[in-house]
Every structure is written in C-alpha cells, then in structure tokens.
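# Structure at a glance
Below, each chain spelled out in residue letters.
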Amino acid sequence: MPLQIMKLAIAATTTVTVSPTVSRFFYTATATTTGAATLTIDAADFFGDTGAAATELPALATDNSYYNVYINGVLQMAGVSAYTARAAGVGSLAITVPAGSTILVGSPIVLEVTNFAPDSDTDVLT
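So, a few notes on the structure that sits alongside this text.

### A look at the nonpolar core
If you look at the biggest cluster of nonpolar residues, it comprises 19 residues, and the most contacted ones within it are Phe46, Ile95, Ile103, Ile109 and Leu111. For this core, the elements supplying multiple residues, two or more each, are strand S1 (11–28), strand S3 (37–42), strand S4 (65–71), strand S7 (91–97) and strand S9 (108–125). Apart from residues lying up to four places away in sequence, isoleucine 109 is in contact with Phe25, Phe26, Tyr27, Leu39, Ile41, Val69, Tyr70, Ile71, Ile95 and Ile103.

### Points about the side chain of threonine 33
Tracing the sequence through the fold places threonine 33 in strand S2 (residues 33–34). Residue classification places threonine 33 among the buried positions, given a relative accessible area of 12%. In this structure, threonine 33 is in contact with Leu39, Val97, Ser101, Thr102 and Ile103, ignoring residues within four places of it in sequence.

### Remarks on unusual backbone geometry
Peptide bonds are, in most cases, trans, and in most cases residues other than glycine have a negative phi. Between glycine 35 and alanine 36 the backbone carries a cis peptide bond, its omega angle lying at 5 degrees. A positive phi is found at aspartate 63, a non-glycine position, where the angle reads about 65 degrees. Looking at where aspartate 63 falls in the secondary structure, it is placed in the loop between S3 and S4. Backbone geometry places asparagine 72, a non-glycine residue, at a positive phi of 55 degrees. Examined against the element boundaries, asparagine 72 turns out to sit in the loop between S4 and strand S5 (74–75).

### Concerning the sheet that holds strand S6 (residues 81–85)
Across the sheet, which stays open at both edges, the three strands sit in the order S3-S7-S6 with antiparallel pairing between neighbours. A strand with exactly one partner marks an edge of an open sheet, and here the two such strands are S3 and S6. Direction aside, the axes of adjacent strands within the sheet are offset by 15 degrees on average.

### Details of the environment of proline 20
Tracing the chain through its elements places proline 20 in strand S1. Along the primary structure proline 20 and alanine 117 are separated by 97 residues, whereas in three dimensions their C-alpha atoms are 6.3 Å apart. If we skip the residues at most four places from it in the chain, proline 20 touches Thr114, Asn115 and Phe116.

### Some details on the environment of valine 105
Here valine 105 shows up in the loop between strand S8 (102–103) and S9. On the accessibility criterion, valine 105 (51% relative accessible area) is exposed. C-alpha separation for the pair valine 105 and phenylalanine 47, spaced 58 residues apart in sequence, amounts to 17 Å. Those residues in contact with valine 105 that sit more than four places away from it in its chain are Ala29, Thr30, Ala31 and Thr32.

### Re the pattern of salt bridges
In total, this model carries one salt bridge according to the counting rule given. In this structure, aspartate 49 and arginine 24 form a salt bridge, with 3.0 Å as the shortest nitrogen-oxygen distance. Linking aspartate 49 in the loop between S3 and S4 with arginine 24 in strand S1, this pair joins segments that are 25 residues apart in sequence. By relative accessible area, arginine 24 is classed as partly exposed at 34%.

Calculation rules
- Residues numbered from 1 in each chain as written.
- Predicted model: local features only at pLDDT ≥ 70, side-chain atom pairs only at ≥ 80, totals over all residues.
- Heavy atoms only, no water.
- Core = buried A, V, L, I, M, F, W, Y, C linked by side-chain atoms within 4.5 Å.
- Buried < 20%, exposed > 50% of the residue type's maximum accessible area, 1.4 Å probe, protein only.
- Helix = DSSP H or I, 4+ residues; strand = E, 2+ residues; numbered from the N terminus.
- Contact = heavy atoms within 4.5 Å.
- Pairing = 2+ DSSP bridges.
- Axes fitted to C-alpha atoms, helices over the stretch in contact; angles between N-to-C directions.
- Salt bridge = Lys/Arg side-chain N within 4 Å of Asp/Glu carboxyl O.

As structure tokens, this is what we get:
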C-alpha cells in the first residue's frame, strides 16, 4: 500500500448571529458655529429616542462598531467628527467645522452609535 495522509472524516456546521445595538442621540445647535471652529457637544446636551436627557455616550466595541453624524439630515464625512465615549464620565462629540462652512443655530445634529455583538455556535457531526 502506498503512503497516504490519514485524516479525520468529520463534518461541522457553524451558525453566526450578529446582534446590533443602535443608540441615537439628538441635539439642536444653540448658536451658529462658523469655521474654522470646533463645536463640542457633551453627552448631557443630547437627548435620546424617548426624549429623555442622555447621561452618557456608549463605548464603541473594538472592531465591531461605528458611529454616524448627521447635520440637517445629511450624513457627514468621518473626518469632521471625533467621538469620545464616556469621557469624564459622560462623553462628547466634537465636530470640526471647516473654513467656509457654517452650522446654523437651530440645526438638528444626530449622533447614531451602532455596536455589534457577534456570536457563533459550531456543531461537529461525527
């Protein structure tokens, strides 16, 4: 008999579930911000989906999360904002307003934070 590789004959199935947790926070600009400037919004200045004041901003899960910023209903580029979860116990969103741009008083600003909790289960069949 010639040489051959001996290996196990098994089969397996893996089920992967991804459960997103989406948190939305709302703010209305209280003053006009003209660039070049930075508008910093503390967590306590936001309110949530229920209308209740926010107490803190959620942490971003490493490699399983993202956040979006909308100003006047328009999704903004990633480079204009910096998100700090739970800084000083609460957190903040800093929006860099470039020269020549303006955020007008009364403009709605929406912060959307999405964290994913992936889970997998493997069944080995023999």
